[in-house]
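Spelled out from the first residue to the last, the chains are:
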Amino acid sequence: RSVQAGGVAIAKNDDVIIGGLFSEHATVGGKELTSHGGSDQFVARLESATGNGVWATSFGGSSDDDYIGDDVAVGVDAFDEIFVHGAYKSADFSIGTGLLAPPSSGGGIVTLKLDPNGAPLWGRSIAAETPDASSSGTQLFLIRPAVNSKTQAVVVGGRFFGTCNIGGTPTTSAAGNDFVVEYSP
């Protein structure tokens, strides 16, 4: 049983948005969360003045959804909508509005958009298709999401080794490629 907070963003009213990983059970901002299987991702909103939890939610499936060993990154747009950027490995990874495309043995990267109350609006994924010869699966690394202030599109990025399906096109890299993807609001 463990909790690892990582990503932090500030909402328009100065509330703190945190993202992270947990296994089994966790209390985040006074809210009880239970994992769907192995390690899952969480996002919570805390009042800036008191630190009390406003809400907390989790996402995941039956496998460990922290295989990158990295934090869950979070960002907030001008409408106080929250973006979550993390890794997943579960074929049954649920975001509350449905399942994401199942990743291959290499796993994948997920970007979620939540409303200001933590309800999921949409989810997008980048799936690793084939394992890299030097590892047990395609290696993916991610960065904090950024929001285009004019269009409110979210921009996410990272680095991958092996083969990834980015925008419907399988791309292979033996030495490591960086990627940037923009998702429309």
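We now turn to the structure provided with this report.

Rules and cut-offs
Residues numbered from 1 in each chain as written. Predicted model: local features only at pLDDT ≥ 70, side-chain atom pairs only at ≥ 80, totals over all residues. Heavy atoms only, no water. Helix = DSSP H or I, 4+ residues; strand = E, 2+ residues; numbered from the N terminus. Buried < 20%, exposed > 50% of the residue type's maximum accessible area, 1.4 Å probe, protein only. Contact = heavy atoms within 4.5 Å. Areas by Shrake-Rupley, 256 points an atom, 1.4 Å probe, with all protein chains shown as cover. Phe/Tyr/Trp six-rings, centres within 6.5 Å; stacked < 30°, edge-to-face > 60°. Salt bridge = Lys/Arg side-chain N within 4 Å of Asp/Glu carboxyl O. Core = buried A, V, L, I, M, F, W, Y, C linked by side-chain atoms within 4.5 Å. Polar contact = N/O pair within 3.5 Å; in protein donor to acceptor, adjacent residues only side chain to side chain. Pairing = 2+ DSSP bridges. Axes fitted to C-alpha atoms, helices over the stretch in contact; angles between N-to-C directions.

1. What to know about the overall build of the protein chain
Logical step 1: In terms of regular secondary structure, the protein chain is built from 0 helices and 12 strands.
Logical step 2: Going from N to C terminus, the protein chain has its helices and strands arranged as β-β-β-β-β-β-β-β-β-β-β-β.
Logical step 3: Burial analysis of the protein chain (185 residues in total) assigns 50% to the buried set.
Logical step 4: The contacts in the protein chain between residues at least 6 apart in sequence include a share of 54% that link residues at least 24 apart.
Logical step 5: With the model as given, the accessible surface of the protein chain reaches about 8,100 Å², and the carbon-plus-sulfur share is 49%.

2. Notes on the packing of aromatic side chains
Logical step 1: In this structure the tally under the stated criterion is 3 aromatic pairs.
Logical step 2: A connected cluster of aromatic rings, assembled from ring pairs, spans Phe83, Trp122 and Tyr183.

3. A few points about the pattern of salt bridges
Logical step 1: Under the counting rule described, the total for this entry stands at 3 salt bridges.
Logical step 2: In this structure, the salt-bridge partner of Asp15 is Arg45, at a minimum N-O distance of 3.0 Å. Taken together, the residues Asp15 in the loop between β1 (2–10) and β2 (16–28) and Arg45 in strand β3 (residues 31–46) connect sequence positions 30 residues apart.
Logical step 3: For Asp15, a relative accessible area of 8% translates into the label buried.
Logical step 4: With relative accessibility at 5%, the residue Arg45 sits in the buried group.
Logical step 5: Asp80 is paired through a salt bridge with Arg45; the nearest N and O atoms lie 3.0 Å apart. Pair noted here: Asp80 is in the loop between β5 (73–76) and β6 (82–88) and Arg45 is in strand β3, with a separation of 35 residues, a long-range link.
Logical step 6: On the basis of relative accessible area, Asp80 is assigned to the buried category, the value being 10%.

4. Comments concerning unusual backbone geometry
Logical step 1: Unlike most non-glycine residues, Asp14 shows phi in positive territory, near 75°.
Logical step 2: Note that Asp14 resides in the loop between β1 and β2.

5. What to know about the nonpolar core
Logical step 1: With 17 residues, the main nonpolar core has Ile17, Val43, Phe59, Ile82, Val84 and Leu114 as its most contacted residues.
Logical step 2: Where this core is concerned, the elements lending two or more residues are β2, β4 (53–59), β5, β6 and β7 (108–114).
Logical step 3: If sequence neighbours within four positions are ignored, Leu114 has contacts with Val43, Trp55, Thr57, Phe59, Glu81, Ile82, Val84, Ala119, Pro120 and Leu121.
Logical step 4: Counting residues in each nonpolar core, the second largest holds 12 residues, with Ile109, Val156, Phe179 and Tyr183 among its members.

6. Structural notes on the side chain of His85
Logical step 1: Among the secondary structure elements, His85 is positioned in strand β6.
Logical step 2: There is a polar contact of 3.1 Å between the side chain of His85 and the side chain of Thr111.

7. Comments concerning the sheet that holds β4
Logical step 1: Strand order in the open sheet made by the 4 strands is β1-β2-β3-β4, with antiparallel pairing throughout. The open sheet has two edge strands, β1 and β4, and neither has a second partner. Adjacent strand axes in the sheet meet at a mean angle of 25°, parallel and antiparallel pairs treated alike.
Logical step 2: Looking at chain direction, β1 and β2 are connected through 8 bridges and run antiparallel. The residue bridging Gln4 from the neighbouring strand is Leu21, located in β2.

Interpretation note: all reported values are geometric properties and have no functional meaning in isolation.
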